[in-house]
Amino acid sequence: MDVQLKRGLLDVCVLRAIKSKESYGYQIIKDMRPYVSLSESTLYTILKRLEAAHMLTVRTAEHGGRLRKYYSISPEGLKRIEEFKAEWKEIMLICQYVTKEDSEDDEA
Amino acid sequence: MTKLNFILELQKRLSSLPQEELEERLSFYMEMIEDRMEDGLSEEEAVADIGNIDEIADQIIADIPLSSIVKKKVRPTRKMKAWETALLWVGSPVWIPLLIAAIAVALSLYAVLWSVIASLWAVFVSFCACALAGLAAGVGAYFFKNLPIGAAFMGAGLVLAGLSIFMFFACTLSVKGAVILTKAMILGTKKSFMGKETAK
């Protein structure tokens, strides 16, 4: 898939994975697995980028005798998801046009 | 491989990362391995599930800006002695121009790469122009009832049109190649700055 397109999509996917409640690295990967496979280093870069853009907040908490980082979505992050939903309608229209069979051109 | 071996190995390969960045990356991978073990995987399986360590190290190096690697590498590990500072100052008329020259040579070699590509595109444009001119001259000759000359011009124009199509593919390929080469060179530069600690 086109790198730029995929990058934008993955950002929103990660935001979605922490939307309803805070989550941690491996849980995010597991939640996304049915839809898209994500490597650890890619996830790290995305989380850093989203944190820098103030779309999520990070806290470190103890879990089973070790430390684990938890990520929760911020109002900006929620806004990004809503923006994406609006953009998506446009993208779907373009997609419909691109995949349309040649024969359908005359009917329109 | 045990998780400790994995982390130590990764640390060895990323030793030129800024300290804070390195620690954060390592604890991220540690957390990932431990969460997999908590999920029921054995230590061996959990490490294997993370992926190939060479690829991981390469991807991380590719993500880090070159400047932060150079900064870390150039920073002296101890305070310089007075005579070292003096030598650095005295020698500066020699080493600074040499350094600038070395950078200039590297940049000019890179510029040569893109000029070759630019000249390929120039050849492509001239092929297109000649093809159009040939066809136009052919049509012109036809009006002046000079059929053999017209046919020759037409033929030449068509041959050039054909060649320009090939040339177009060659040009786009060369640009793609140069982009891949550029990425490889950046990674190579970073790795060379990482020094011998990263060597296997």
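Figured I'd write up the structure that's included with this text. Quick caveat, the model's predicted, so the values are computed rather than measured. By convention here, each chain's residues receive numbers from 1 onward along its written sequence. Lettering for chains starts from A, numbering for ligands starts from 1, and both go in the order in which the items are written. Residues qualify for local features only when their pLDDT is at least 70, as the model is predicted, and side-chain atom pairs are given and counted only at 80 or more; totals for whole chains, interfaces and linings, by contrast, use all residues.

### Some thoughts on the interface of chain B and chain A
Often, the extent of an interface is quoted as the loss of accessible area on bringing the components together.
Then comes step 1: Listed as interface residues are 15 residues of chain B and, on the opposing side, eleven residues of chain A.
Then comes step 2: Of all the secondary structure elements, the ones that give two or more residues to the side of chain B that touches chain A are helix 2 (19-38) and helix 4 (53-63) of chain B.
Then comes step 3: Following the grouping adopted for this structure description, the nonpolar residues are Ala, Val, Leu, Ile, Met, Phe, Trp, Tyr, Cys and Pro, the charged ones are Asp, Glu, Lys and Arg, and the polar ones are all others, Gly among them. In terms of residue class, the side of chain B that touches chain A is made up of six nonpolar, two polar and seven charged. Once C-beta atoms have been placed from the backbone, residue pairs whose C-beta atoms lie within 7 Å are recorded as contacts. Helix numbering and strand numbering both begin at the N terminus, where a helix is a DSSP run of H or I of at least 4 residues and a strand a DSSP run of E of at least 2.

### Focus: the pairing of strand 2 (residues 56-63) of chain A
Residue and element names in this part refer to chain A.
Then comes step 1: Strands are treated as partners if at least two bridges between them are detected by DSSP. Across eight bridges, the pairing between strand 2 and strand 3 (residues 66-73) is antiparallel. Its bridge partner being in strand 3, Ala-61 is matched across the sheet by Arg-68.
Then comes step 2: What sits between the antiparallel neighbours strand 2 and strand 3 is a turn of two residues, in which Gly-64 has the positive phi angle 55 degrees.

### Details of the environment of Ser-16 of chain B
Residue and element names in this part refer to chain B.
Then comes step 1: Looking at the element boundaries, Ser-16 is found in the loop between helix 1 (3-13) and helix 2.
Then comes step 2: Residues are called buried when their C-beta atom has 20 or more other C-beta atoms within 10 Å, exposed when it has 12 or fewer, and partly exposed otherwise; all C-beta atoms are positioned from the backbone. By the C-beta count within 10 Å, which is 20 here, Ser-16 ends up buried.
Then comes step 3: The spatial distance from the C-alpha of Ser-16 to the C-alpha of Ile-69 is 6.2 Å, given a sequence separation of 53 residues.

### Side note on the sheet that holds strand 3 of chain A
Then comes step 1: Taken in spatial order, the three strands line up as 1-3-2 (chain A) in an open sheet, and their pairing is antiparallel. Looking at which strands have only one partner, the edges of the open sheet turn out to be strand 1 (23-24) and strand 2 of chain A.

### Side note on unusual backbone geometry
Then comes step 1: Positive phi is not limited to glycine here, since His-54 of chain A has a value of about 60 degrees.
Then comes step 2: For His-54 of chain A, the location among the structural elements is in the loop between helix 3 (40-52) and strand 2.
Then comes step 3: Here His-54 of chain A falls in the exposed class, since 11 other C-beta atoms lie within 10 Å of it.
Then comes step 4: You will see that Lys-145 of chain B, though not glycine, has its phi angle at about 55 degrees, which is positive.
Then comes step 5: Relative to the assigned elements, Lys-145 of chain B resides in the loop between helix 6 (82-143) and helix 7 (147-194).

Any functional reading would require information that these geometric values do not contain.
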